[in-house]
Structures are given as C-alpha cells and as structure tokens.
Amino acid sequence: MSVGTLRKYVARGIVLGTVKYGEKGLIVHLLTSSHGRQSYMVQGLGSGKSKSGKLALFQPMFALEFEGVESSKMQLHRFAEVHSGLVLHSIPFDVRKSTIALFMAEVLHRLVGESEANERLFDFVWGSVEALDSMQEGVANFHLWFFSHLCRLLGFSPGNEYSEGCWFDIREGMFCPEPPLTEFRLSPENALILRDMLECDVRYLSEIGLNRHQRVDFLSSLVGYYGYHLDTVASIRSIKILQEIF
C-alpha cells in the first residue's frame, strides 16, 4: 500500500498522554516544537524489556527529542527515532511532582487545540518541566504558578496593573477597586495571589506563603477564570487530586 510522499523532520516534544492501540500499539499525544499538539502512532512494542523501555519514554510530561515522519497517506505521524530530551531526576520518583505533572499534561491536552506550532507556549512548557524537576522548595505552589502563567499564553491574562485591595473581574480581565457586579470575579485575596504568581520567578515560589485552604480556594478561582474562557476545563479530573494533596 502506498504511504505517499514521506517527509521527515526533527523536533522536541512533551508527552501529554497515551492511548493503547491494539495489542502492540500506542497512540502518543505530544505538544511539539514543530507541529503544535500532534499525535503519533507507535507500533511493534512487543513485550518484555523492549516494550517497557519504550513505554518509559511516554510518561506524562516527559520531554523527548525525535525524528518524526508524516505523509498525506498516513492519518497519524510516526517516529523514525525517539529518545529522552531531558534526564528527569525527581518527577518520576516524587509523588507530589508526578501528580503535578499529570495535572500539567491533562491541562495542556484539554486546553491546547491541534494547531500550528506556538514557540512561546512550547518553550514555556519545556522550561516548566525543567523547573519542576530541579526545584527543592515551593513545590506545593508550582501547579498554581503554572496555571496562572498558562493563561497568558492561551490569550487571556490580566489587562492592567494590580493595585492593593483590588478585585479581579474575570469577564473584563481587569483588576478593579470595587467588587464587580458579576459572579465572574476573584476576591481581593485571590486577586493578590494571582498577581504574586504572575510576578514570581519560579525559583522563588517558596516565598509565597500559602496554607492548604488558600491553595484550594485559589485553584478553584483559577478554574472559574479558565472556565469562563474555555469550557473544556470542567473535564480536568486531576484538579480534585491536587486539591486533596496540596
């Protein structure tokens, strides 16, 4: 059977999820540097060490470097070669970090559509994986920092500067001194946390002192913020897990 004209390309990718395909196949969903969100067919996994070795590459938020193959005759792209792009020292072994990685992968899979490559978004996500893996302190705030910054790259970030005591009007995307006449708003407490997250360098997240109640409440507020713009946020199941752990 003809596979059309094959085109190979070199790229980087972040694993967003996988779906089993038959007995020896796997569909891998990636955020890529070259093709945006893209799906890849992996076949011939077999069994034993060979299978487990390949599967180990395709864990949520694992960073890959690969040579991809596309053709007008193939519905999904393929890998000509694929290997690890970052050596992860802690994410696979730290339950807090691996839970955050699951959240990041699910968020990106649900909220980022299949479109052209977005260099700023990809670089942010790749750098976020590096930062999460290397950080020693502030891990409990990382998902809040990531979720706060991601809205900028998806096209809806605050449109003005924060002032002390402000509310945040979700509908207008603005900090405001008076309570907005709408249910789509962040309280002054959560508006301040949003400002702190947006201004904080990820290396200093531990300096944002939040207790568990504040984290849970702020995450719920962010879900409302995203939900106003993107209805698919409601299907993100890992949010409840994060609220239980952090």
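Bear in mind the structure is a predicted one, so any value in this text is a computation, not a measurement.

**Student:** Kindly report on the environment of G68, identifying the contributing residues and their values.
**Tutor:** Positionally, G68 belongs in strand 4 (residues 63-70). A relative accessible area of 0% places G68 in the buried class.

**Student:** Go over the side chain of D133, please, and point to the residues and values.
**Tutor:** Here D133 is to be found in helix 3 (residues 119-134). Among the polar contacts listed, one links the side chain of D133 to the backbone nitrogen of H89, at a separation of 2.9 Å. Apart from the residues lying within four places of it in its own chain, the contact partners of D133 are V87, L88, H89, S90, I91 and K97.

**Student:** Account for the environment of E106, with residues named and values stated.
**Tutor:** Tracing the sequence through the fold places E106 in helix 2 (residues 95-111). Among the residues examined, E106 registers a relative accessible area of 14% and is labelled buried. Taking C-alpha positions, E106 is 18 Å from A131, a pair spaced 25 residues apart along the chain. When near neighbours in sequence (up to four residues on either side) are disregarded, E106 contacts S235, I236, R237 and S238.

**Student:** Please give an account of the sheet that holds strand 7 (residues 174-176) that cites residues and values.
**Tutor:** Read across the open sheet, the three strands follow the order 7-6-8; overall the sheet is antiparallel. Two strands close off the open sheet at either side, each with one partner strand: strand 7 and strand 8 (185-186). With three bridges joining them, strand 6 (residues 167-169) and strand 7 adopt antiparallel strand pairing. Directly across from D169, in strand 7, lies its bridge partner M174.

**Student:** Got a sec to walk through the nonpolar core? Specific residues and values, please.
**Tutor:** As a rule of thumb, nonpolar side chains are buried together in soluble globular proteins. Core analysis: the largest hydrophobic core is formed by 78 residues, its most contacted members being F58, M61, F142, F147, M197 and L205. Setting aside residues up to four positions removed in sequence, M197 forms contacts with N141, L144, W145, S148, H149, L205, I208, L210 and F218.

**Student:** Go over the packing of aromatic side chains, please, and point to the residues and values.
**Tutor:** Following the criterion strictly, the structure yields 18 aromatic pairs and no others. Plain terms: the ring middles of F124 and F146 are 5.4 Å apart, the flat faces sit at 15 degrees to each other, and that makes the pair stacked. Taken together, the residues F124 in helix 3 and F146 in helix 4 (residues 142-153) connect sequence positions 22 residues apart. A relative accessible area of 15% means that F124 is categorised as buried. Judged by relative accessible area, which is 0%, F146 ranks as buried.

**Student:** Please set out the pairing of strand 3 (residues 36-42) residue by residue, giving values where relevant.
**Tutor:** Of all seven residues in strand 3, seven are buried, a share of seventy percent or more. Pairing of strand 2 (residues 25-32) with strand 3 involves seven bridges; the strand directions are antiparallel. Paired with L31 across the two strands is R37, which belongs to strand 3. Joining the antiparallel neighbours strand 2 and strand 3 is a turn of three residues.

About the criteria used
Residues numbered from 1 in each chain as written. Predicted model: local features only at pLDDT ≥ 70, side-chain atom pairs only at ≥ 80, totals over all residues. Heavy atoms only, no water. Helix = DSSP H or I, 4+ residues; strand = E, 2+ residues; numbered from the N terminus. Buried < 20%, exposed > 50% of the residue type's maximum accessible area, 1.4 Å probe, protein only. Polar contact = N/O pair within 3.5 Å; in protein donor to acceptor, adjacent residues only side chain to side chain. Contact = heavy atoms within 4.5 Å. Pairing = 2+ DSSP bridges. Core = buried A, V, L, I, M, F, W, Y, C linked by side-chain atoms within 4.5 Å. Phe/Tyr/Trp six-rings, centres within 6.5 Å; stacked < 30°, edge-to-face > 60°.

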